[in-house]
Amino acid sequence: MKRALADAVQAASSLKKTADILQQWQKLLIEPLGKSSGSTGEPIVIVIDALDESGGVETRRDLRILAGKHQNSSVRKITDLPGNFRFIVTSRPLDDIKTEFRGVQHIRQVSMDDIPTAVAKRDIHAYVSNELEGLNFQDREFAVLAEKAEGLFQWAHLACGFIKESDVLSLIERYKAVVSRDPAERNMLLHDMYHLILTNIMPRDTPSHRPNLRSTKLARFRSVMGQILSTAEPLPLASLNAMRHHFLTGEDIFDVELVVQSTGSLLSGTTNPDSPIRSLRQSFRDFLTDERFSGESFIDLSKAYRDLAFASLRVMEHGLRFNICDLKSSYLLNSEDPGLQERVKKCIPPHLSYSSRFWTSHVRTAVFDKELAKEVKKLFDHERLFFWLELLTLINALSGAVPALPLIAQWLKGQSEFKDASSTAMDVQRLIQVFGGMILHSTPHLYVSALPFSPANSPLSRQFQFSARFPNTFRVAFGRDMNWPAVQTVLRGHTESVSSVSFSPDGTRIVSGSWDETVRLWDAATGQPVSEPLWGHTHPVLSVSFSPDGTRIATGSSDNTVQLWDVVMRQPSQQCAESDHPAFSDEPRTIEATTTMPLNTWNNHFTSFSSNSIYSLRNTSEFTGGASHDDRSSTPFVLNVDSGWVVGPQRRLLFWVPPASRLFYSPGCVLVIPRGGPELDLSRMAHGQYWQKC
């Protein structure tokens, strides 16, 4: 076979340069194979490297020969070759190549995205070892180069070439320059490579590449890369397109795939429509966002942030709706609603989830813009604001809004036209802090309980309660709070006295220690536990403290030990002796805890409702269904002082009472609300399976 191949090349040297794939196939493979004498049973591997660089689209049209699709009956098909033949083809995922190879049974496609990092590092180590062999480098230098390459063979190739180049610098000086952390010394190699790749994607003006066509390509490249680099988390192709449909200018509304299909060497996730698309390397992001290096490919992130802010707000405008996941009844906890998690996945598409979680981030990173501020105000002035909170609870992202909303108010600060929007942003934060834990448990009560109990002076209450959109909620007829109370929420879970409490450095977590010998971690925004209680001490926990970086917690106990807890692992990482009151130094050294609120029988109070039909609860038949006759005629309702829920038979949830409004006492058999406490008008209250009529 080797002899026959050598004869073919010697007889027709033009075969080494021709772009005619069919001719190469016939003359360099099929004919030598037919002339070869002797065994061909040994494995034969044919490597076709950089197929994407083998001419243009027209030349590559004959790629169908590799796919077994060509129509020339005189040319032997790839599937007719002996079974010991194998082809390895490397290429960027260009559209015409993917189209030819798609669905072909004898072709196994492997994406570079799927190659483990360790495998790439091993191969690069072997490559640089071979390239620099005999230059007095040791294995440790090869290992450093393999690490610095970050899986990028192009970088390794350029680095080896730079090291071997001869000039006034020694080999070791060149090596140190390559592995240096100084971008001016190391990154120029990558920049040269990136320029080369981008020039190949967007060729300079030639007769076949008209200036206006290249200008369009450049503008689209900058737009798509700006979107990809600016997203708070990577998005798949469909989500990028869905958001792009809401960009401001018509020039930016096009299929993202038109750009990403040619950037497979720069981006990951381009070969699978369901995979998030992201930059392969941080260095590429740094290159594109520094105009000194990227030149005409420079990405202005401030424009990208503005585009994403507008798009996110408009995605929510078109996608948010009341009861988006068809919650069945206000009597149920979310965890009791059959099939809710499946409906969340089905009803909330990724781009709507993304927009709801990150619009605040994109707005506050954008330069103040009056048109963008109008979009924010439109959200705060519309019932859609409650639909946004509803969605956040269903995807368990409500607590993230608490630190974000004051930043929106700050972004609007000093703009008199948007003073009301700024006030509403802070009001929404307070609503989450007081009612967040409750609506995470049962989302319908965002409307059923949180809105009616909001203070009279709350912008949300003034604007939305008893509006045409939410007319059928209960009303606090007397004793309603005028302003938000100082007490935001009450954290319950410990069964003994709480001896120590501490906020995490970023203010998002609270850790508590108790005489019940447990340590617990809470979400500071909603008051909800975020893990199981931490057990380890054998006596009361007297002191707790977060590390400055918020990754560990130190606890001291009367069992004469200090325990150091890892927040992520939720278990002790160290134990020390002889201390009750630990405190962290400024040296970095935290934890998460959780619990369920116990149902304390002593605090369960029976509730009787007024016989006055003006204030009485309507449609009680569903709520009291399952109660005995005696219960129906007396006090079938119970208020749990600890949790705040008023519940009926079979633990059906009627409404939730915030801590500041739980002004009552129990003489043993009934709940008494003294004069001066809140009096509720339930006559218009929609509840149970009819809650959607609120």
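These figures come from a predicted structure and were not determined experimentally.

Cut-offs used in this document
- Residues numbered from 1 in each chain as written.
- Predicted model: local features only at pLDDT ≥ 70, side-chain atom pairs only at ≥ 80, totals over all residues.
- Heavy atoms only, no water.
- Helix = DSSP H or I, 4+ residues; strand = E, 2+ residues; numbered from the N terminus.
- Buried < 20%, exposed > 50% of the residue type's maximum accessible area, 1.4 Å probe, protein only.
- Areas by Shrake-Rupley, 256 points an atom, 1.4 Å probe, with all protein chains shown as cover.
- Phe/Tyr/Trp six-rings, centres within 6.5 Å; stacked < 30°, edge-to-face > 60°.
- Lys NZ or Arg CZ within 6 Å of the ring centre and 35° of its normal.
- Core = buried A, V, L, I, M, F, W, Y, C linked by side-chain atoms within 4.5 Å.
- Contact = heavy atoms within 4.5 Å.
- Pairing = 2+ DSSP bridges.
- pLDDT = per-residue confidence, 0-100.
- Patch = residues over 30% accessible without salt bridge, like charges linked within 9 Å, V, L, I, M, F, W, Y side chains within 5 Å.
- Salt bridge = Lys/Arg side-chain N within 4 Å of Asp/Glu carboxyl O.
- 1 Å grid on protein atoms, 1.4 Å probe; cavity = no way out; pocket = protein on both sides within 12 Å on 5 of 7 lines; lining within 4 Å.
- Points joined across faces, edges and corners; volume = space filled by probe spheres on them.
- Nonpolar A, V, L, I, M, F, W, Y, C, P; charged D, E, K, R; others polar.
- Axes fitted to C-alpha atoms, helices over the stretch in contact; angles between N-to-C directions.
- Parallel < 35°, antiparallel > 145°, perpendicular 65-115°, else oblique.
- Left-handed = near helix turned anticlockwise from the far one by under 90°.

Caption draft 1: Fine view of the overall build of the protein chain. In terms of helices and strands, the protein chain carries 25 helices and 18 strands. Out of the 694 residues in the protein chain, the part that is buried amounts to 47%. A total accessible area of about 34,300 Å² is found for the protein chain, and carbon and sulfur atoms account for 51% of it.

Caption draft 2: Inspection of the packing of aromatic side chains at higher detail. Scanning the model with the defined rule gives 22 aromatic pairs in all. Between the aromatic rings of phenylalanine 284 and phenylalanine 287, the centroid separation amounts to 6.5 Å while the plane-to-plane angle is 15 degrees, which identifies the pairing as stacked. Here phenylalanine 287 and phenylalanine 284 lie together in helix α13 (residues 282-288), a separation of three residues that amounts to about one turn. Each of the two residues, phenylalanine 284 as well as phenylalanine 287, counts as buried. Centroid distance phenylalanine 322 to tryptophan 691: 5.3 Å. Interplanar angle 50 degrees. Geometry classified as tilted. Considered together, phenylalanine 322 and tryptophan 691 belong to a single accessibility category, that of buried residues. Ring-pair connections join several aromatic residues into one group, and the members of that group are Phe322, Phe386, Phe387, Tyr447, Phe470 and Trp691. Sitting over the ring of phenylalanine 254, arginine 220 keeps its end group 4.6 Å from the ring centre. Taking NZ or CZ as reference, arginine 244 lies 4.9 Å from the ring centre of phenylalanine 254, over its face.

Caption draft 3: Unusual backbone geometry, seen in detail. For asparagine 136, which is not a glycine, the phi torsion comes out positive at approximately 65 degrees. The residue asparagine 136 is located in the loop between α5 (117-131) and α6 (139-148) in this model. Exposure remark for asparagine 136: the relative accessible area of 73% places this residue in the exposed category.

Caption draft 4: Molecular detail of the nonpolar core. Counting residues in each nonpolar core, the largest one holds 127 residues, and the members touching the most others are Trp359 and Trp388. Here this core takes 10 residues from helix α21 (residues 419-441), the largest share from any one element. Not counting residues up to four positions away in its chain, the partners in contact with tryptophan 359 are Ser312, Leu313, Met316, Val376, Leu379, Phe380, Trp388 and Ile408.

Caption draft 5: Expanded view of the sheet that holds strand β7 (residues 509-514). Here we have four strands laid out as an open sheet, ordered β6-β7-β8-β9, and antiparallel in their pairing. Looking along the sheet, the strands with just one partner apiece sit at the ends: β6 (498-503) and β9 (534-535). Of the strand pairs in this sheet, strand β8 (residues 518-523) and β9 are connected by two bridges, and their pairing is antiparallel. In the strand pairing of β9, valine 519 is matched with leucine 534.

Caption draft 6: Structural detail: the pairing of strand β12 (residues 561-566). Taken across its six residues, β12 has five buried, putting it largely inside the fold. In terms of strand pairing, strand β11 (residues 552-557) meets β12 through five bridges, oriented antiparallel. Across the sheet, the residue bridging to arginine 552 is aspartate 566, located in β12. As consecutive antiparallel partners, β11 and β12 are separated by three residues, and within that stretch asparagine 560 has a phi angle of approximately 70 degrees, a positive value.

Caption draft 7: Quick look at the confidence of the model for the protein chain. Chain-level pLDDT for the protein chain is 80 on average; 80% of the residues reach the 70-or-more range. Between residues 584-608, whose pLDDT stays under 50, and residues either more than four places distant or in other chains, the model counts 107 contacts. In this model, residues 665-670 is a region of pLDDT below 50 whose contacts with residues beyond four sequence positions or in other chains number 10 contacts.

Caption draft 8: Molecular detail of a nonpolar patch on the surface. On the surface, Val45, Val47 and Ile88 cluster together to form a nonpolar patch covering roughly 270 Å² of accessible area. Its location among the elements puts valine 45 in strand β1 (residues 44-48).

Caption draft 9: Looking closely at empty space enclosed by the protein. As a volume, the largest cavity reaches approximately 70 Å³. Along its surface, the largest cavity is lined by 13 residues, and Val434, Phe453, Asp481, Pro485 and Pro658 are the ones closest to its centre. Residues belonging to the lining of the largest cavity are distributed by class as follows: 10 nonpolar, two polar and one charged.

Caption draft 10: Summary view of the packing of helix α19 (residues 384-394) against α21. At their nearest, the axes of α19 and α21 sit 12 Å apart, and the two run at 40 degrees to each other. What the angle tells us is that α19 and α21 run oblique. Seen from above, α19 lies across α21 with right-handed handedness. Seen from α19, the contacting residues are Leu385, Trp388, Leu389 and Thr393; seen from α21, they are Thr424, Val428, Leu431, Ile432, Ile439 and Leu440. The residue makeup of the contact of α19 with α21, split by class, is eight nonpolar, two polar and no charged.

Caption draft 11: Here's a closer look at the pattern of salt bridges. Applying the stated criterion across every chain, the model contains 22 salt bridges. Residue glutamate 233 is joined to arginine 357 by a salt bridge in which the shortest nitrogen-to-oxygen separation is 2.8 Å. Of the two residues, glutamate 233 is situated in the loop between α10 (211-230) and α11 (237-244) and arginine 357 in helix α17 (residues 350-365); the sequence distance between them amounts to 124 residues. Classification of glutamate 233 as partly exposed rests on a relative accessible area of 28%. Given a relative accessible area of 27%, arginine 357 falls into the partly exposed group. Between arginine 475 and aspartate 681 there is a salt bridge, with its nearest N and O atoms 3.3 Å apart. On the accessibility criterion, arginine 475 (32% relative accessible area) is partly exposed.

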